[in-house]
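# Secondary and tertiary structure notes
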Amino acid sequence: MPDILGELLFIFQRFNWLSALDLFLVTLVFFGILMLLRDTQALVLLRGILLLIVSLSLVTSLIDLPAFSWLIRTALPTLVLAIPVIFAPEIRRGLERLGRAGSAQGWLWRAPSTTEAVQRTIRAVVSACARLSARQHGALIIFQRGDSLEEYARTGVPLNAEVTAELLLQIFYPNTPLHDGAVIIADQRIVAAACVMPLSSSGILNHSPERQMGLRHRAALGTSEATDAVAVVVSEETGAISVAHGGRIIRRLDAERLENILLAFYQPPAQTSRSLLDLIRAARQPTPTRPKKED
């Protein structure tokens, strides 16, 4: 016990501001890694790896096992090299997110104001989603924001058409040529239909208590993970309307709440920087009633 206290006292005596900076940088790196892996299956895997490493380190330090210690020292470098391979999708997604945040487009892009054209587009989408939901026709509609979706639009059928509820209903009518895939909306125009979008690999939908979420929901969530787009999806099984943004998905929206959420994404930058959950809470607030004029 006195030896341990002496070692601790020796460490504190050598502690200075460079040591504090060193610890802060190491903590920042680990915090960044955990944030990148948040809400992914890789976080569970990383937790298991860390637990295994700590357990093996304790065993080899407390018990004199030369052969086992040699095996652990030999295997650990291999494990370190294997980590980038195991976490390749999460690392790529995190670097893409970092690149979008640091790019000139990410810093200089501003959300457009809620012009009449934007409101007409949103009303058309909301009307179509409400009618598709009532008929239980599946749909996936992607709103382009700061990140270009041209790469995904090229996988579909070019339309360059005005956004109307009737056209969206026709596109997503079952067994029509364009009903499979996503519709991409950019600059208040339907750029393309039947587009192939990236599927989510985060595993969030696997932990859902419901199992009615198929490829459309995975594509909506995957698109929101890979870009800053807003994805609206209508379930073919239940007719439920959902919105995905920033790797989050909110389900069971009615037409009024869906319209409020979509409009909120076109508010000034100070408001559009809020998370999807904040926008949902704001959409739930009742609109103030105007006082009636006296006769």
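Owing to the predicted nature of the structure, the values given are computational and were not obtained by experimental measurement. (Residues numbered from 1 in each chain as written. Predicted model: local features only at pLDDT ≥ 70, side-chain atom pairs only at ≥ 80, totals over all residues. Heavy atoms only, no water.)

### Some thoughts on the overall build of the protein chain
- A tally of helices and strands in the protein chain yields 13 helices and seven strands.
- Split into buried and exposed, the 295 residues of the protein chain put 36% on the buried side.
- Of the contacts made within the protein chain by residues no fewer than 6 positions apart, 61% connect residues no fewer than 24 positions apart.
- Entry remark: accessible area of the protein chain is about 18300 Å², with carbon and sulfur atoms responsible for 62%. (Helix = DSSP H or I, 4+ residues; strand = E, 2+ residues; numbered from the N terminus. Buried < 20%, exposed > 50% of the residue type's maximum accessible area, 1.4 Å probe, protein only. Contact = heavy atoms within 4.5 Å. Areas by Shrake-Rupley, 256 points an atom, 1.4 Å probe, with all protein chains shown as cover.)

### Focus on the nonpolar core
- Core analysis: the largest hydrophobic core is formed by 34 residues, its most contacted members being Ile141, Phe143, Leu168, Val232 and Leu258.
- Looking at this core, the elements that each hand over two or more residues are α7 (116–135), β1 (139–143), α9 (165–171), β3 (182–186), β4 (189–195), β5 (230–234), β6 (241–245) and α11 (255–264).
- Top element by residues in this core is α7. It accounts for eight residues.
- Among residues more than four places away in sequence, those in contact with Leu258 are Val126, Cys129, Val232, Ile241, Val243 and Leu253.
- Among the nonpolar cores identified, the runner-up in size contains 19 residues, and Leu149, Ala153, Ala182 and Val233 belong to it. (Core = buried A, V, L, I, M, F, W, Y, C linked by side-chain atoms within 4.5 Å.)

### Here's the deal with the side chain of Arg216
- In this structure, Arg216 sits in helix α10 (residues 215–226).
- Here Glu236 takes part through its side chain, which lies 3.0 Å from a polar atom of the side chain of Arg216.
- Those residues in contact with Arg216, other than ones at most four positions away along the chain, are Gly138, Ala139, Leu140, His179, Asp180, Val233, Val234 and Glu236. (Polar contact = N/O pair within 3.5 Å; in protein donor to acceptor, adjacent residues only side chain to side chain.)

### Side note on the sheet that holds β3
- One open sheet accounts for seven strands, arranged β2-β4-β3-β1-β5-β6-β7; its pairing is mixed. The open sheet has two edge strands with one neighbour each: β2 (157–162) and β7 (248–250). Strand-to-strand twist in this sheet, taken as the mean axis angle between neighbours without regard to direction, amounts to 20°.
- Pairing of β1 with β3, which is carried by three bridges, proceeds in the parallel orientation. Within β3, the position partnered with Ile141 by the bridge is Val183.
- Each of β1, β3, β5 and β6 is contacted by α7, which is oriented at about 165° to β1, the strand it contacts most. (Pairing = 2+ DSSP bridges. Axes fitted to C-alpha atoms, helices over the stretch in contact; angles between N-to-C directions.)

### Looking at the pattern of salt bridges
- Within this structure, the stated rule accounts for four salt bridges.
- Note that Arg131 is salt-bridged to Glu166, the shortest N-O span being 4.0 Å. Here Glu166 lies in helix α9 and Arg131 lies in helix α7, a separation of 35 residues in the sequence.
- Taking the relative accessible area as the measure of exposure, Arg131 reaches 32% and is therefore partly exposed.
- Classification of Glu166 by relative accessible area gives exposed; the value is 52%.
- A salt bridge links Glu236 to Arg216; the shortest N-O distance between them is 3.0 Å. (Salt bridge = Lys/Arg side-chain N within 4 Å of Asp/Glu carboxyl O.)

### A closer look at the environment of Asp254
- Following the sequence through the fold, Asp254 ends up in the loop between β7 and α11.
- Sequence spacing of Asp254 and Ser242 is twelve residues, and the spatial spacing of their C-alpha atoms is 9.1 Å.
- Here Arg257 takes part through its backbone nitrogen, which lies 2.8 Å from a polar atom of the side chain of Asp254.

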